[in-house]
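Analysis of the macromolecular model
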Amino acid sequence: MSNTHIIGIFDSKSDLLAGIEGAQSKNFNIDEIYTPYPVMEAIDALKRKSRFTTAAFIYGAAAVVGVLSFLYWTSVIDWPINYGGKPTNAFPSFIIITLVLTILTITIMSLFTFSIRARIYPGKKYILPDERATDDKFVILFNKATAGGGFEAVSNALIASGASEVYEKEL
Amino acid sequence: MYKAEVRGPLILGNKDYHQITSDIIAPIDNKTPGWWKVALAISLTMASFGIFALYYTVRYGLGTWAVNNSVAWGWEIINFVWWIGIGHAGTAFSIFLLILRQKWRTSINRAAEAMTVFAVGCAAIFPAIHMGRVWLAFYIFPYPNTRGPLWVNFNSPLFWDFIAISAYLLISASFWYFGMVPDFASIRDRAKTKLKKAIYGFLAFGWTGSTKEWLRYEGLSYVLGGIAAVLVVSVHSIVSTDFASSVIPGWHSTLFPPYFVVGAIFSGFGMVMTLMIVIRKYYHLEDYVTDSHLNAIAKILVFISLIMGTAYATEVFIAWYSGNPYEMFTFFHNRITGDYSFMFWAMVTCNAIIPQLMWSKKIRSNITALFIISLIINVGMWYERFNIVVTSLSKDYLPSSWTSYSPTWVEIGIYIGTIGIFTTGVLFFFRFVPMIAISEVKSVLKPTEITEKH
C-alpha cells in the first residue's frame, strides 16, 4: 500500500465537522482524524466503537467471583480460625474487601486494556501527520491509494468545506 | 422562565487554541523563577529533617515517640488521616465533577489530582513507620508463607485500609498520569531541544490525538472515574472504621464514615483552593483559574462547613442523649472543657465558624481572604484529627491509665518532613508538568471562543 497521504488541516472544530461531511458526501474514505481534544462527532463519523465499559464490567465480575472464592478458601478451607464461635464463612465482612479488590482489579486491567487497544505505551514509535494536531489544528488524513479520489478532487472538497490547507505527505 | 448566569466564562481573554497551549506550557519553557528555587530549598530542608527523624525512629525504635500504653496512636495517625483527607479532594474533585459533567473542573482538576498523589504518598509513610519494625511491613501482604501458612485477617478494617489506600494511590496516579499524556504530546511537538523532545516524547507514550486514541482515552477516563468515585467514599469510610469498630468512647459511633468522608473532602478542597491561588498568582494564570472558579470552590466549602458543624453538634448531642457516662465524660470533660479544650474550640472555630464568612460575596471575591480561610480550614482539620485520636485515648474507662500526650521532636520532625516532601512534589509539578489540563481546557473553549467560524 502506498505511503502517500493527503492531509487536510482545519482551524476549528466546526470547520473539521464540515470537512468530514464534505469528504464523506463525495464518498472519499477518511483514514484517520487527529484533534487536539476529543471530538465525539469525529469519532462517530468514522463509526469507531469501543467496548471498554463492557470489558471493565467483565473484569469486575471476574474479580468479585475470584476474590470471594479466594476469601472462602483462605477462611474456611485452608486456615479456618475460630473467633469466639463465629462462622468461618463470615460473608458480610468479606464484602468491603471484595469491593476494594474489585476496584483495584478493574483499574489495573483497564490500564492494560487501554495500553493495548489504543497502542499507547512507553517508547512507542508513532506517526503524526502534522505536529500542529496536538496544538491548535484539526487534521483529516486520507491514504492516497484508498481515498477514492485524486489529490485535486479531495483537496477541492476539503477547501470548499473550510480547510485552511491541504497537502500531500509520505508517512 | 427566569434565568441567571450561574458562572461566568470559564476562560477569559479571548484565547485561541494555540494561545492556551502557549500560556499553560510557558512555566515549563521559561527559566526557573527565583521564588521557586527558594521554595524548593526550604522544602528540601524540611524533607531532609523528616527523613532524619524517620531514620532516628527506625534506628532507636518507637521509644523515641511520646506514644504510650494509653495514647498508643499519636501524631502519626493524626497526620495519616490528615494527609489522606487532603488527598481525597483531588480525586473527589476531579471525578465527581467529571461524572456530573461540570466543565469548570477543567482548569483545576490537574493540580487537584497532583495534590492527591503527593498527599496519599505522604500518608502512606505513617502506617508503615507506625509498625515499629518497618522492615517487616511485608507481613501485611496476603501471600502463602512459612508461618502456617497463616493468612492476614481479611475481616480487619486495618487490612481493608491497606488495600484501599494502595488501590487509591494507584487509581489516582494513573488517572492523573493518563490525563497528562495528551499534554505531554503537546509539549513534545513544540519542544525546541532534542533532550526535551526525547523526555516528553517518552512520557507521551506515542500519543498522536487520533480518534482511536481519544475513544479509548474517554473510555478509560469514565471507567476509572466511575470506580474511583466509589473508592473515594469507601477509602475514608474504611479509615473511619479503624476507629469506629473499637469500643473507645468518642470513636464508637456510626456517624464516623460520613463524617470522615465529608471532613476529608473539606480539607482537600481547602488545599485545592490554596494551591489554585498560588498557581494563579505566581504563574499569572488568572485567565484560566478565574474568580468564578474560586467562587465555586468557596461555595462548596461553605456547604461542607455546614455539614461539619452539624456533625460536631450531632456527636455532642448523641453523647448526651445516649446517657453513656463515658461518652459524656469524653465530650463534656475532655473535649469541650479539660486539658484539650483548646483543640476542640480551634476545630469548631476553624471548620464550622470561620468558613461561614464565605457566605459574603465580598469575601468570596477577595483572594487574600480566601487564601487565609483555606489555610485555616487545613489547620482546623488537623485539630479535628487530634481531638478524635488523643482525647479519646488519653482518658478512657480506667482512671489509673489516664495520661496526657504531647509529641517529641521526632514525631514533629516526621510531620514537618512530610510537609516538605509534599511541597517538593508540588514544586516539581509546577515546574515540569502542565498545571492545567491543556486538552480539556481546549474542549471548553467554545462558549467563550471568538476564533470559531460560524
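The structure displayed is predicted, hence computed values, not measured ones.

1. Observations regarding the overall build of chain B
- Counting secondary structure elements, chain B contains 15 helices and 0 strands.
- For 454 residues, the compact-globule formula gives about 22 Å, and the C-alpha radius of gyration of chain B, at 23 Å, lands near that figure.
- The dimensions of chain B, computed from C-alpha atoms along their principal axes, are 80 × 60 × 40 Å.
- When each of the 454 residues of chain B is scored for burial, the buried share is 49%.

2. Topic: the overall build of chain A
- Counting its secondary structure elements, chain A contains 5 helices and 4 strands.
- Its helices and strands in sequence order give chain A the pattern β-α-β-α-α-α-β-α-β, from N to C terminus.
- In terms of overall size, chain A is more extended than a compact globule, its C-alpha atoms giving a radius of gyration of 25 Å where 171 residues would be expected to give roughly 16 Å.
- Along the first, second and third principal axes, the C-alpha atoms of chain A reach 85 × 30 × 25 Å.
- The buried share of chain A, taken over its 171 residues, is 39%.
- Put simply, of all contacts in chain A between residues at least 6 apart along the chain, 78% involve residues at least 24 apart.

3. Considering the interface of chain A and chain B
- Of the residues lining the interface, 53 residues belong to chain A; the matching set on chain B comes to 54 residues.
- Of all the elements, helix α4 (residues 91-117) of chain A adds the most residues to the side of chain A that touches chain B, at 15 residues.
- Each residue belonging to the side of chain A that touches chain B can be placed in one class, and the counts come to 31 nonpolar, 13 polar and 9 charged.

4. Some thoughts on the sheet that holds strand β1 (residues 4-10) of chain A
Residues and elements named next belong to chain A.
- Taken in spatial order, the 4 strands of this open sheet run β2-β3-β1-β4, and their pairing is antiparallel. In this open sheet, the two edge strands, each paired with only one partner strand, are β2 (32-34) and β4 (165-170). Averaged over all adjacent pairs, the angle separating strand axes in this sheet is 25°, with direction ignored.
- Summarising the sheet, β2 and strand β3 (residues 138-143) pair through 3 bridges and their orientation is antiparallel. Within β3, the position partnered with Tyr-34 by the bridge is Val-139.
- Lying on the sheet, helix α1 (residues 13-25) is in contact with β1 and β3; it crosses β3 at an angle near 20°.
- Helix α5 (residues 151-161) rests against β1, β3 and β4 of the sheet, and its axis sits at about 145° to β4.

5. Details of the nonpolar core
- Counting residues in hydrophobic clusters, the biggest one holds 176 residues, and the most contacted among them are Val-100 of chain A together with Met-115, Phe-269 and Val-272 of chain B.
- Summarising the domain contributions, this core has at least three residues from each of domain 1 (4-49 + 125-170) and domain 2 (52-117) of chain A.
- Sequence-distant contacts of Met-115 of chain B, that is, excluding residues within four places in its chain, are made with Ile-86, Gly-90, Met-271, Val-272, Leu-275 and Val-426 of chain B.

6. Considerations on unusual backbone geometry
- We note that Asn-27 of chain A has phi near 60°; this positive angle belongs to a residue other than glycine.
- Note that Asn-27 of chain A resides in the loop between α1 and β2.
- Note on Asn-27 of chain A: 9 C-beta atoms within 10 Å, which makes it exposed.
- The backbone phi angle of His-284 of chain B is positive, close to 50°, even though this residue is not glycine.

7. Topic: the confidence of the model for chain B
Residue and element names in this part refer to chain B.
- Within chain B, residue pLDDT values average 89, and 96% of them lie at 70 or more.
- When the elements of chain B are averaged for pLDDT, helix α3 (residues 75-99) gives the smallest value, 86, and helix α2 (residues 34-60) the largest, 96.
- The low-confidence segment residues 448-454 (pLDDT under 50) makes 14 contacts with residues lying over four places distant or belonging to another chain.
- Overall fold confidence for the complex sits at a pTM of 0.90, while the interface term, ipTM, reaches 0.92.

8. As for the pairing of β1 of chain A
All names here are of chain A.
- Across the 7 residues that make up β1, a large majority, 6, are buried.
- Across 6 bridges, the pairing between β1 and β4 is antiparallel. The residue of β4 that forms the bridge with Ile-7 is Tyr-167.
- Two elements, β1 and β3, share 6 bridges in a ladder whose sense is antiparallel. Paired with Gly-8 across the two strands is Ile-140, which belongs to β3.

9. Quick notes on the packing of helix α3 (residues 52-78) of chain A against helix α7 (residues 211-244) of chain B
- In the contact formed by α3 of chain A and α7 of chain B, the axes pass within 9 Å of each other and the chain directions differ by 40°. Classed by the angle they form, the pair α3 of chain A and α7 of chain B counts as oblique. Crossing of α3 of chain A against α7 of chain B: the hand is right-handed. Listed contacts from α7 of chain B to Phe-52, Thr-53 and Ala-56 of chain A of α3 of chain A are Arg-216, Gly-219, Leu-220 and Val-223 of chain B.

10. As for the domain arrangement of chain A
- Split into domains, chain A comes out as domain 1 (4-49 + 125-170) and domain 2 (52-117).
- A straight line from the C-alpha centre of domain 1 of chain A to that of domain 2 of chain A covers 46 Å.

11. With respect to the environment of Thr-64 of chain B
Residues and elements named next belong to chain B.
- You can see Thr-64 is positioned in the loop between α2 and α3.
- Considering only alpha carbons, one finds Thr-64 and Ile-227, 163 residues apart in sequence, at a separation of 41 Å.
- Excluding residues within four positions of it along the chain, Thr-64 makes contact with Tyr-56, Thr-57, Thr-408 and Val-410.

12. Observations regarding helix α10 (residues 325-333) of chain B
All names here are of chain B.
- Those residues of α10 that fall on the buried side of the exposure criterion are Glu-327, Thr-330 and Phe-331. Along α10, the residues classed as buried sweep out an arc of 85° about the axis, all on the same side.
- In this fold, the buried residues of α10 make contact with α9 (291-322) and α13 (367-394).

13. Remarks on the packing of helix α4 (residues 109-130) of chain B against helix α8 (residues 256-282) of chain B
All names here are of chain B.
- Look at α4 against α8: their axes get within 10 Å of each other, and the N-to-C directions meet at 125°. The orientation of α4 relative to α8 falls into the category oblique. For the pair α4 and α8, the crossing hand works out as right-handed. For the pair α4 and α8, contact is made by Ala-111, Ala-112 and Met-115 and by Met-271, Val-272, Leu-275, Met-276 and Ile-279, respectively.

14. Points about the environment of Ser-107 of chain B
Residues and elements named next belong to chain B.
- Summarising the element assignment, Ser-107 is placed in the loop between α3 and α4.
- Ser-107 sits in the buried class, given 27 other C-beta atoms within 10 Å.
- Once residues lying within four places of it in the same chain are set aside, the contact partners of Ser-107 are Leu-10, Tyr-288, Val-289, His-293, Ile-436 and Val-441.

15. Considerations on the environment of Thr-274 of chain B
Residue and element names in this part refer to chain B.
- Looking at where Thr-274 falls in the secondary structure, it is placed in helix α8.
- Looking at Thr-274, the number of C-beta atoms within 10 Å reads 20, which means it is buried.
- When the C-alpha positions of Thr-274 and Leu-294 are compared, they lie 10.0 Å apart, and in sequence the two are 20 residues distant.
- Not counting the four nearest positions on each side in its chain, Thr-274 is found in contact with Phe-371, Ser-374 and Leu-375.

Criteria and thresholds
- Residues numbered from 1 in each chain as written.
- Chains lettered and ligands numbered in written order.
- Predicted model: local features only at pLDDT ≥ 70, side-chain atom pairs only at ≥ 80, totals over all residues.
- Helix = DSSP H or I, 4+ residues; strand = E, 2+ residues; numbered from the N terminus.
- Rg over C-alpha atoms; globule rule 2.2 N^0.38 Å.
- Buried ≥ 20, exposed ≤ 12 C-beta atoms within 10 Å, placed from the backbone.
- Contact = placed C-beta atoms within 7 Å.
- Nonpolar A, V, L, I, M, F, W, Y, C, P; charged D, E, K, R; others polar.
- Pairing = 2+ DSSP bridges.
- Axes fitted to C-alpha atoms, helices over the stretch in contact; angles between N-to-C directions.
- Core = buried A, V, L, I, M, F, W, Y, C linked by C-beta atoms within 7 Å.
- Domains from an automatic or database assignment.
- pLDDT = per-residue confidence, 0-100.
- Parallel < 35°, antiparallel > 145°, perpendicular 65-115°, else oblique.
- Left-handed = near helix turned anticlockwise from the far one by under 90°.
- Arc of directions from axis to C-beta.

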